[in-house]
Amino acid sequence: MNKEQVERIHTGEGFIAALDQSGGSTPKALLQYGVTEDRYSNDEEMFEQVHEMRTRIITSSAFDSKYILGAILFENTMDRTIDGQFTADYLWERKGIVPFLKVDKGLADLEQGVQLMKPMPDLNDLLKRAVEKHIFGTKMRSVIKEANAEGIRKVVEQQFEVGMQIWSMGLVPIIEPEVDIYSKDKQQSEQLLKEELLKQLNALGEDVRVMLKLSIPTVDNFYRELIEDPHVLRVVALSGGYDQDEANERLARNHGLIASFSRALSVGLTAQQTAEEFDETLSRSIHSIYEASIS
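Everything quoted here is computed from the prediction, not taken from an experiment.

Rules behind the numbers
- Residues numbered from 1 in each chain as written.
- Predicted model: local features only at pLDDT ≥ 70, side-chain atom pairs only at ≥ 80, totals over all residues.
- Heavy atoms only, no water.
- Helix = DSSP H or I, 4+ residues; strand = E, 2+ residues; numbered from the N terminus.
- Rg over C-alpha atoms; globule rule 2.2 N^0.38 Å.
- Buried < 20%, exposed > 50% of the residue type's maximum accessible area, 1.4 Å probe, protein only.
- Phe/Tyr/Trp six-rings, centres within 6.5 Å; stacked < 30°, edge-to-face > 60°.

Undergrad: Can you help me understand the overall build of the protein chain in this one?
TA: The helix and strand inventory of the protein chain stands at twelve helices and eleven strands. Computed over C-alpha atoms, the radius of gyration of the protein chain comes to 18 Å, within 12% of the 19 Å expected from 2.2 N^0.38 for 295 residues, which places it in the range of a compact globule. Its C-alpha atoms give the protein chain principal-axis dimensions of roughly 50 × 40 × 35 Å. The 295 residues of the protein chain split such that 56% are buried.

Undergrad: What is the right way to look at the side chain of His51 in this model?
TA: Tracing the sequence through the fold places His51 in helix α3 (residues 43-59). The exposure class of His51 is buried, given its relative accessible area of 9%.

Undergrad: Got a minute to help me understand the environment of Thr26 in this structure?
TA: Residue placement: Thr26 occurs in helix α2 (residues 26-32). Along the sequence, Thr26 and Ile58 sit 32 residues apart, while their C-alpha atoms lie 17 Å from each other.

Undergrad: Looking at this model, I keep getting lost on the packing of aromatic side chains. Mind explaining?
TA: Describing an aromatic ring pair means giving the distance of the ring centres and the angle of the ring planes. Enumeration according to the criterion identifies four aromatic pairs in this entry. Centre to centre, the rings of Phe100 and Phe136 are 5.5 Å apart; their planes meet at 85°, and the pair counts as edge-to-face. Here Phe136 lies in the loop between α6 (123-132) and β7 (137-144) and Phe100 lies in strand β5 (residues 98-102), a separation of 36 residues in the sequence. Of the two residues, Phe100 and Phe136, neither departs from the other in class, the shared state being buried.

Here it is as structure tokens:
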């Protein structure tokens, strides 16, 4: 594990850029970017289009390590190159930005108020490839829709079970049990979630480090105990469907919580923009998210 990267994630100022839209969410991301479905006829062409979009973001002068600590990639992006380098190497060697990888295969059906992660039978092979491609850590997402204690326990147990498999391969897992921001009992779900997270953290070996990616809490600074836990390198927040302004406003009220935004990062970017327009739009987003993250 790269000690410089560990220190940067643990203590650096900035946020994590989420560039990990996968097969299911890619068409929507491309449409928001101004690339309609008639521009590609199969998955390979679709992924070519999205890699062009991500390359444009990553190579932009606005995408700067002064503001961005790390970037989360989709598997297909990890396997592709930017200016002759694999994406993770380009991020770290050319930009000074720590590379992460999304490893989950999507969500299972809703049961007991939650959606667990689908099985990942090929996870070890993917993790080996991630290590070979110089990935620092991984991300995996579950969703909590109701304050169901048993369902939330299962979500957290699954996340940590897979997380320890990831840690054993020399990678830092980002544990992401997202609480749906539209849930009618979001605050109660967050209470149950925090209790389960603390239980799992307390059971970890002394040397184990994880990251947490959580919805911005209903009660400001509610996750302070998690941020201060010695097993936690960093707690990052997903935008979860809030628009950029609201996500930034809510984030800024939570000291020590930093952004890991996807939609709120790429808002306003289109394939039709000139290089100058694109960089200016991205720069505005990056600066606003950065300011909210260091508040």
